[in-house]
Amino acid sequence: MSNVLRLTIVDPNDSTRDNLKTALLGMDVVWLEAECSRYEFFADVVGQTNPDIGIVAMDDDPEKALALVARLSRSTPNCSVLVTSSSSDGTLILQAMRAGAKEFLTEPLRIEDLAAALDRIGSRQGGDGDSTSRNSRVIAVAGATGGVGTTSLAVNLGCAIASDEANTAALVDLDLCLGDADVFLDTIPDYTLVDVAQNVSRLDFTLLKRSLTKHSSGLFLLPRPIKLEDVSLITAEDFQRVIGLLKATFSHLVLDLSKSYSPVDHVAMAMADDVLLVTQLDLPCLRNTVRLMMAFEEVEGLADKVKIVVNRIGLDESQISLKKAADTIGREIFWQIPNDYRVMSSSRNNGIPLLEQAPKANITQTISQMASVLATGESATASDAGGKSSIGRLFNFWGKGQETAKSE
Ligand SMILES: Nc1ncnc2c1ncn2[C@@H]1O[C@H](COP(=O)(O)OP(=O)(O)OP(=O)(O)O)[C@@H](O)[C@H]1O
Ligand SMILES: [Mg+2]
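Residues numbered from 1 in each chain as written. Chains lettered and ligands numbered in written order. Predicted model: local features only at pLDDT ≥ 70, side-chain atom pairs only at ≥ 80, totals over all residues.

A. Structural view of the pairing of strand E4 (residues 80–85). Counted residue by residue, E4 has 5 buried out of 6 residues, so it is predominantly covered. Sheet analysis places strand E3 (residues 53–57) next to E4, joined by 5 bridges and oriented parallel. Pairing of Gly54 across the sheet is with Val81, part of E4. For the segment spanning E3, helix H3 (residues 62–75) and E4, crossover handedness is right-handed. Of the pairings in the sheet, the one linking E4 to strand E5 (residues 101–106) comprises 5 bridges and is parallel in character. Across the sheet, the residue bridging to Val81 is Ala101, located in E5. Following the chain from E4 across helix H4 (residues 90–99) to the adjacent parallel E5, one finds a crossover that is right-handed. (Buried ≥ 20, exposed ≤ 12 C-beta atoms within 10 Å, placed from the backbone. Helix = DSSP H or I, 4+ residues; strand = E, 2+ residues; numbered from the N terminus. Pairing = 2+ DSSP bridges. Right-handed = clockwise from strand over helix to strand, strands pointing away.)

Right, here's the structure in full:
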């Protein structure tokens, strides 16, 4: 992968150094360049290996470690220093930060905290506007009503992203009661989201990856629980930690949300870079889209991430026009997916993704193009056309009755 962070570590304590190494070795986004057991030699090691990140474990000798951090920030400013310590003393944290540390982590390390710190450093090093940011991209796929095509899109988007060798992608099925992503991929998984969520504090990256099922397309799947009674065992907090772990090991995550907009769905949207809201060109769907957008506008930062995807274009003559839909919703349409029931239903019934089942079909090409735009994170943030509340437009729209022009 091109977006790997190169690391060196110094820790005179063999046991904590080994723990850190084990945690790091399971992460795809990390390459361990060198390890060192003496503070005295570390500045030279960093000078020679020129890593992105230097991890300094402070416990063995905090004073020496602080002096080392200060030296590193002078001699190798391009190397971001991350320090670890079993002390949560505010003075020590302040001293470390003043010496030039970019991140301070408390021992015993929580793997998702380590992953999040590396992610923050990676995105800072990616720089403003640098499209090669090391951040993992998270795409949440939500729907305006049941059966609108959320899972069809999430599964095939995930496969399209995974088909690019530069990417590592995982799909998480968040329709915790009735999810069917495993059926779309014809897999019988050994583990589900409930196993991973319940063991999140004990999991390392290697175990995490082993708990996911790898499809022949390259896409990894984390399915919904098998037993209905296990659904309540997945808390929003555990799920947030699972996403933290997954972000550290996959370049792309696709989250297939439920239609209940539960706390878990909200965590998914909060952690996503893009939220695709799938809708169709009929009145119930558009009404729900407006209602959902109104709710999303109340959550800081959420509405700006939403991209409207219109599915099943050309389904029937009575479809509302795209322009009318965009006016009603008050946003541009990000992507249009054609109606192709024959291809889509045979793909679903056979458990074979579109790229394999019908690689040349228009619907497959459309989803692949969307995947390449979303995968790079280059897509512009959906703009709020006019910035006005969409309520007025909605009433206006109902008042005038349904327009039945063709899509434009
Ligand atoms: N672009 C499309 N053209 C034709 N049929 C489609 C298209 N997208 C989805 N479908 C069909 O619509 C039905 C519902 O799709 P899907 O299961 O993906 O929706 P969903 O929103 O995930 O549903 P649920 O609310 O049950 O989770 C399926 O039969 C699928 O084959
Ligand atoms: Mg679904």
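B. Molecular detail of the sheet that holds strand E13 (residues 333–338). Within the open sheet, the 8 strands sit side by side as E8-E9-E7-E10-E6-E11-E12-E13. Their pairing is mixed. With one partner strand each, in any of the chains shown, strand E8 (213–214) and E13 form the two edges of the open sheet. Where E8 and strand E9 (residues 220–222) come together, 2 bridges link them in antiparallel fashion. Along E9, the bridge assignment pairs Lys214 with Phe220. Here helix H6 (residues 150–162) sits on the sheet in contact with strand E6 (137–143), strand E7 (169–173), strand E10 (252–256), strand E11 (274–279) and strand E12 (306–313), set at roughly 170 degrees to E10. Sheet contacts for helix H13 (residues 322–329): E12 and E13; angle to E13, the most-contacted strand, approximately 140 degrees. (Contact = placed C-beta atoms within 7 Å. Axes fitted to C-alpha atoms, helices over the stretch in contact; angles between N-to-C directions.)

C. Looking closely at the sheet that holds strand E1 (residues 5–10). The strand order across the open sheet formed by 5 strands is E2-E1-E3-E4-E5, and the pairing between neighbours is parallel. Strands with a single pairing partner mark the edges of an open sheet, and in this sheet they are strand E2 (30–36) and E5. Strand-to-strand twist in this sheet, taken as the mean axis angle between neighbours without regard to direction, amounts to 25 degrees. Sitting on the sheet, helix H1 (residues 14–25) touches E1, E2 and E3, and the angle it makes with E2 is about 165 degrees.

D. Here's a closer look at helix H14 (residues 341–350). Taken as a whole, H14 has its buried residues at Met344, Ser347 and Arg348. Buried residues of H14 fall within an arc of 95 degrees about the axis and therefore sit on the same side. Turned more than 90 degrees away from the buried face of H14, the exposed residues are Arg342, Ser345, Asn349 and Asn350. Just past H14, the residue Gly351 takes up positive phi, approximately 65 degrees. (Arc of directions from axis to C-beta.)

E. Representation of the site of ligand 1. In the vicinity of ligand 1 there are 20 residues, among which Gly146, Gly149, Thr150, Thr151 and Ser152 approach most closely. Counting only elements with at least two residues in the shell around ligand 1, the list comes to H6, E12 and H14. Here the shell around ligand 1 takes 4 residues from H14, the largest share from any one element. Here the shell around ligand 1 is built from residues that sort into 5 nonpolar, 10 polar and 5 charged. (Near = placed C-beta within 6 Å. Nonpolar A, V, L, I, M, F, W, Y, C, P; charged D, E, K, R; others polar.)

F. Focus on the packing of helix H12 (residues 283–297) against H13. Relative to each other, H12 and H13 sit at 30 degrees, their axes nearing to 9 Å. Relative to H13, H12 is oriented roughly parallel. Pair H12 / H13 crosses with right-handed handedness. Residues Leu286, Thr289, Val290 and Met293 of H12 lie in contact with H13, whose contacting residues are Ala325, Thr328 and Ile329. (Parallel < 35°, antiparallel > 145°, perpendicular 65-115°, else oblique. Left-handed = near helix turned anticlockwise from the far one by under 90°.)

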